[in-house]
Amino acid sequence: MKTYLVTGAAGFIGANYLKYILARHSDVRVVVLDLLTYAGYLGTIASDIDNDRCFFVKGDICDRGLIDSLFAEYRFDVVVNFAAESHVDRSIDNPQLFLQTNILGTQCLLDAARTAWVMGRDEQGYPTWRAGVRFHQVSTDEVYGSLGPTGYFTEQTPLCPHSPYSASKTSADHIVCAYRDTYHMPVSITRCSNNYGPYQFPEKLIPLVINNILESKKLPVYGKGENVRDWLYVDDHCKAIDMVVTQGAPGCIYNVGGHNERQNITIVKIIIDTVRQLMTDEPAYRSLLKKPVKGADGQTDISWINYDLITFVKDRLGHDQRYGIDPTKIGEELGWQPDTPFEVGIVKTVRWYLDHHDWVEAVSGSDYQLYYEKMYGGR
Ligand code: NAD
Ligand code: DAU
């Protein structure tokens, strides 16, 4: 039995990863550490916490005393660090919190792991490590900066972040590599492109657009909507992390992405079409509309769910133009490839949000309404 510390697993990708590994590895037990910030919701993982193979601890990755006590109690073999402030727009508003959580939090976890896992020294003075331990950092393609119309990010692309968020994630990556190079710590890093799927907080583009349609709100597209993101279904990211943690060589870095680049405006149009189609095929979904209006046929009208809902708003400051991942290395070395084509994943995702509108309402309380007003009110 291996024991994992998984941080940030009450958030979007961490929760999907928790479900993924609990379902696939009966010989793994997991301690979830999450501060339950606005982005963390315990309800998402409530059914996974059984106090037998999965335990939950509410706490901060910056709290060294707490982390040390968890290492002493559970004797972790693996740390997978998802915990982060993850939203670029919020980082433009409040950079300091991003540096605190994403950089100092990662360093706190690394150092606690070093204290717990070092067994002795080799003849050159490098630490020797308990067998089988691994520190995995969940990073992002945003560390590479922005691409022009051609080319891809490889693992050799120089790091060149632009937003406070991506700069903080880059710093964290550098610190992880510093522990690898200075202490020979067995670390790994994955740098993934934009994820989509169940349980993503509604501040992010795809759930925001779905939710706004249900609320009959305009769909805010930054700038001209021509920025390109490379979308990957969240389970394919979870599979990649699992493969890297269990099969990747210590010290390795892998890019993760499925060559699915789309302009933002295309994504928004696909969501509009998908919502309208699902409500046509299954009229019961129309009951989710906040402001239903009856059509001539007596049914709730959905003809207004069209591209006229799109509104172009003031651009994000420093908005990266294009991300595009070259995933050759993880494919060739570990045999990873994505399972979910975008056309399938996006319908699955829109349907999930319609089927789980209670989840959206539970996570988007009054704080989210205030955030939305502040972020989009004068835009
Ligand atoms: P998220 O914002 O949905 O979840 C973050 C989680 O971390 C939340 O549960 C939150 O409560 C927790 N958290 C925040 N600060 C904490 C702290 N100080 N201590 C403990 N827990 C804390 O984020 P996400 O989209 O699931 O992203 C997870 C990780 O994956 C992040 O590191 C992010 O940089 C990275 N990533 C995200 C994407 C994406 O498309 N969303 C793509 C590539 C990489
Ligand atoms: O690339 C990986 C990154 O993807 C992760 O590291 C981040 O944690 C994650 O949040 C995501 O960052 P983005 O900034 O790309 O995601 P977001 O959903 O915020 O925006 C996607 C694109 O859509 C981006 O170009 C900005 C644009 N956008 C976003 C919002 C919220 C809009 O046009 N309108 C919006 O209202």
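Reading guide: rules and limits
Residues numbered from 1 in each chain as written. Chains lettered and ligands numbered in written order. Predicted model: local features only at pLDDT ≥ 70, side-chain atom pairs only at ≥ 80, totals over all residues. Heavy atoms only, no water. Pairing = 2+ DSSP bridges. Helix = DSSP H or I, 4+ residues; strand = E, 2+ residues; numbered from the N terminus. Axes fitted to C-alpha atoms, helices over the stretch in contact; angles between N-to-C directions. Contact = heavy atoms within 4.5 Å. Buried < 20%, exposed > 50% of the residue type's maximum accessible area, 1.4 Å probe, protein only. Right-handed = clockwise from strand over helix to strand, strands pointing away. Near = heavy atom within 4 Å. Polar contact = N/O pair within 3.5 Å; in protein donor to acceptor, adjacent residues only side chain to side chain. Areas by Shrake-Rupley, 256 points an atom, 1.4 Å probe, with all protein chains shown as cover. Nonpolar A, V, L, I, M, F, W, Y, C, P; charged D, E, K, R; others polar. Expected span 1.5 Å × (residues − 1).

**Q** In this structure, what is going on with the sheet that holds strand 1 (residues 2–7)? I would like to understand it.
**A** Hydrogen bonds along the backbone pair up the strands of a sheet, which may run parallel or antiparallel. Within the open sheet, the seven strands sit side by side as 3-2-1-4-7-8-12. Their pairing is parallel. Single-partner strands in this sheet number two, and they are strand 3 (54–58) and strand 12 (253–256). The average undirected angle you get between the axes of adjacent strands in this sheet is 20 degrees. Direction of pairing for strand 1 relative to strand 4 (residues 78–81): parallel, over a ladder of four bridges. The partner of Val6 across the bridge, within strand 4, is Val80. This element, helix 5 (residues 164–183), spans strand 7 (134–140), strand 8 (187–192) and strand 12 of the sheet and lies at about 155 degrees to strand 7. Sheet contacts for helix 7 (residues 234–247): strand 1, strand 4, strand 7, strand 8 and strand 12; angle to strand 7, the most-contacted strand, approximately 150 degrees.

**Q** Would you explain the environment of Ala167 in this entry?
**A** Tracing the backbone shows Ala167 in helix 5. Along the sequence, Ala167 and Val28 sit 139 residues apart, while their C-alpha atoms lie 33 Å from each other.

**Q** Could you clarify how one ought to interpret the pairing of strand 2 (residues 28–34) in this entry?
**A** Counting buried positions along strand 2 yields six of seven residues, so the element is predominantly enclosed. Bridging between strand 1 and strand 2 involves six bridges; their strand directions are parallel. Residue Lys2 lies in a different strand from strand 2, and its bridge partner there is Val28. Handedness of the crossover joining strand 1 and strand 2 through helix 1 (residues 12–24) is recorded here as right-handed. Bridge analysis of strand 2 against strand 3 gives five bridges, and the strand direction is parallel. Each residue of the ladder has a partner; that of Val31, found in strand 3, is Phe55.

**Q** Would you mind going over the site of ligand 2 with me for this structure?
**A** Looking at ligand 2, there are 22 residues lining it, with Thr140, Asp141, Tyr165, Arg316 and His319 nearest. Backbone polar atom of Ser86 to an oxygen atom of ligand 2: 2.8 Å apart, as the coordinates give it. Burial of ligand 2 by the protein chains amounts to 94% of its free accessible area of 690 Å². Mapped by element, the contributors of at least two residues to the shell around ligand 2 are helix 6 (205–214) and strand 10 (219–222). In terms of residue count, the dominant contributor to the shell around ligand 2 is strand 10 (three residues). The residue makeup of the shell around ligand 2, split by class, is nine nonpolar, seven polar and six charged.

**Q** It is not clear to me how the site of ligand 1 should be interpreted in this structure. Could you clarify?
**A** Around ligand 1, a shell composed of 28 residues is seen, among which Ile13, Asp34, Ser86, Tyr165 and Lys169 lie nearest. Within the side chain of Ser86, one N or O atom sits 2.6 Å away from an oxygen atom of ligand 1. Between Lys169 and ligand 1, the recorded distance is 2.6 Å, taken from a side-chain N or O atom to an oxygen atom. Across the complex, the protein chains shield 96% of the 840 Å² of accessible surface that ligand 1 would expose by itself. For the shell around ligand 1, the secondary-structure elements that each account for two or more residues are helix 1, strand 7, helix 5 and strand 9 (194–196).

**Q** Sorry, what's going on with the sheet that holds strand 13 (residues 261–263) here?
**A** Taken together, three strands build an open sheet; the order of strands is 9-11-13 and the sheet is mixed. Each having just a single partner strand, strand 9 and strand 13 make up the two edges of the open sheet. With direction set aside, neighbouring strand axes in the sheet form an average angle of 50 degrees. Where strand 9 lies against strand 11 (residues 228–233), three bridges are found, and the strand directions are parallel.

**Q** Which parts of the structure should I look at to understand helix 7?
**A** Every α-helix winds through 3.6 residues per turn, so residues three or four apart in the chain are directed the same way. Its 14 residues place the ends of helix 7 20 Å apart at the C-alpha level, agreeing with the 20 Å of an ideal helix rising 1.5 Å per residue. Most of helix 7 is tucked away: eleven of the 14 residues are buried. Taken together, the buried positions of helix 7 are Val234, Asp236, His237, Cys238, Lys239, Ala240, Ile241, Asp242, Met243, Val244 and Val245.

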